[in-house]
Amino acid sequence: MTGLDELLVQDAVAAGQPRVVVTTRLLGACLGEGGEVRALALTVGRRETLLLELRRGAFGERIEAVASCPRCDEALDLDLATAELLAAAPDSSARVEMALEAEGTLWQALMRPVTGADQTAALGAPDPAAFLLRRCVSTLARSDGVPWPLEELSTGMVAALDDAMRRLDPMAEIRLELVCPACRHEFSAPFDAAGQLFAELAAEADQLLREVMAIGRACHWREDEILGLPRPRRRAYAALAMAP
Ligand SMILES: [Zn+2]
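About the cut-offs
Residues numbered from 1 in each chain as written. Predicted model: local features only at pLDDT ≥ 70, side-chain atom pairs only at ≥ 80, totals over all residues. Heavy atoms only, no water. Helix = DSSP H or I, 4+ residues; strand = E, 2+ residues; numbered from the N terminus. Polar contact = N/O pair within 3.5 Å; in protein donor to acceptor, adjacent residues only side chain to side chain. Contact = heavy atoms within 4.5 Å. Donors = N, O, S within 2.8 Å, 3.2 Å for Na, K, Ca; no water. Tetrahedral: all angles 85-135°; square planar, octahedral: opposite > 155°, others 65-115°. Phe/Tyr/Trp six-rings, centres within 6.5 Å; stacked < 30°, edge-to-face > 60°. Buried < 20%, exposed > 50% of the residue type's maximum accessible area, 1.4 Å probe, protein only.

Right, let's get into the side chain of E200. Position of E200 among the secondary structure elements: in helix α9 (residues 193–203). Within the local environment of E200, its side chain forms a polar contact with the side chain of R55, the two groups lying 2.7 Å apart. For E200, the residues in contact, after removing those within four places along its chain, are R55 and F59.

Another aspect to go through is the coordination of the zinc ion. For the zinc ion, every protein donor is listed as C69 (SG), C72 (SG), C180 (SG) and C183 (SG), and the spread of their distances is 2.3 to 2.4 Å. Each of the 4 donor atoms around the zinc ion contributes to a set of angles spanning 107 to 114°, which defines the coordination as tetrahedral. Read N to C, the donor residues that coordinate the zinc ion are spaced as C-x2-C-x107-C-x2-C. Placement of the pair is C69 in the loop between β1 (62–68) and β2 (75–81) and C180 in the loop between β6 (174–179) and β7 (186–191), with a sequence separation of 111 residues.

Evaluation of the coordinates by the stated rule reveals 2 aromatic pairs. Judged by centre distance (5.4 Å) and plane angle (80°), the ring pair of W107 and W148 falls under edge-to-face. In this pair, W107 sits in strand β4 (residues 105–111) while W148 sits in the loop between β5 (137–142) and α8 (155–168), placing the two residues 41 residues apart along the sequence. W148 gets classed as partly exposed once you look at its relative accessible area, which sits at 30%. Ring geometry for W221 versus Y237: centroids 5.1 Å apart, planes at 80°, classification edge-to-face. Of the two residues, W221 sits in the loop between α10 (205–219) and α11 (223–227) while Y237 sits in helix α12 (residues 231–242), which places them 16 residues apart along the sequence. Its relative accessible area of 32% is what places W221 among the partly exposed residues.

Have a look at this one:
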C-alpha cells in the first residue's frame, strides 16, 4: 500500500461509499493493471484474504479489535493474530457440486462461490442474501437426480444452501469463537476485515498529512511523489524528517 491507496480509502469512507465498492477500489489499486476488473472477479474469500494481508503489511500481525457480549453487553478487547484468521479460500469462481441435507432428504446443488461482482450487483437488492443465492446456485436436485425448481425453496432449503455456500468459501465470513469474561457466555461473532482495515486507515488521516508535510518540508518532494512511496518507506522518511 502507498499513501495514495490510504488516501483513496480515507476519502471513500468519508464519502460513505459501500464497503464492497471501497474494497474493490483498494484491491484494484494494489493489484495493478486491470486491477478493479480482477478484484471484482475474485471470490469474497479471496478478497477478505487479500485485505487481511494488506492490513498485515501495513499494521502488523496482531489485530486489536472490540466485540460486545450479546447477553450482558460487556465490551471485549480482542487481540487477534492474522495467521489464525486466514484460511483457504477458493481461487476460482468455478461451479462445484455440493451435497446438502434439508427436509429430511439429501440434495445435490451445482453452485459457485460469491464474487466481488456478485456483491456489487446485490447492492440495493431488496433481499441481498436471496439475490446472491439465485445468482450463484445453478441447479438443485434430489440425490435420486430429480431436479427441484429454485423458485420453490423452503426456509430449511435456503438455510442448507447458505450453509453449503459457507463450506464452499469459509473465508467469505470470518467468525470468531468468543467467551465473555464477565458472564462466561460463549458466542460466535463475525470479524469484518474490511471494516477493521478501513477504520484503522481512517484514524490515521491526520498522521498521513503530517508525514507528507514533514517529508515535503525536509526533502522538497512533490505531494504525489510522497504519496506514491510504499507505506514503510514513507513512514521511515517521516520519522527522520520529524526527528529533532
Ligand atoms: Zn457477557
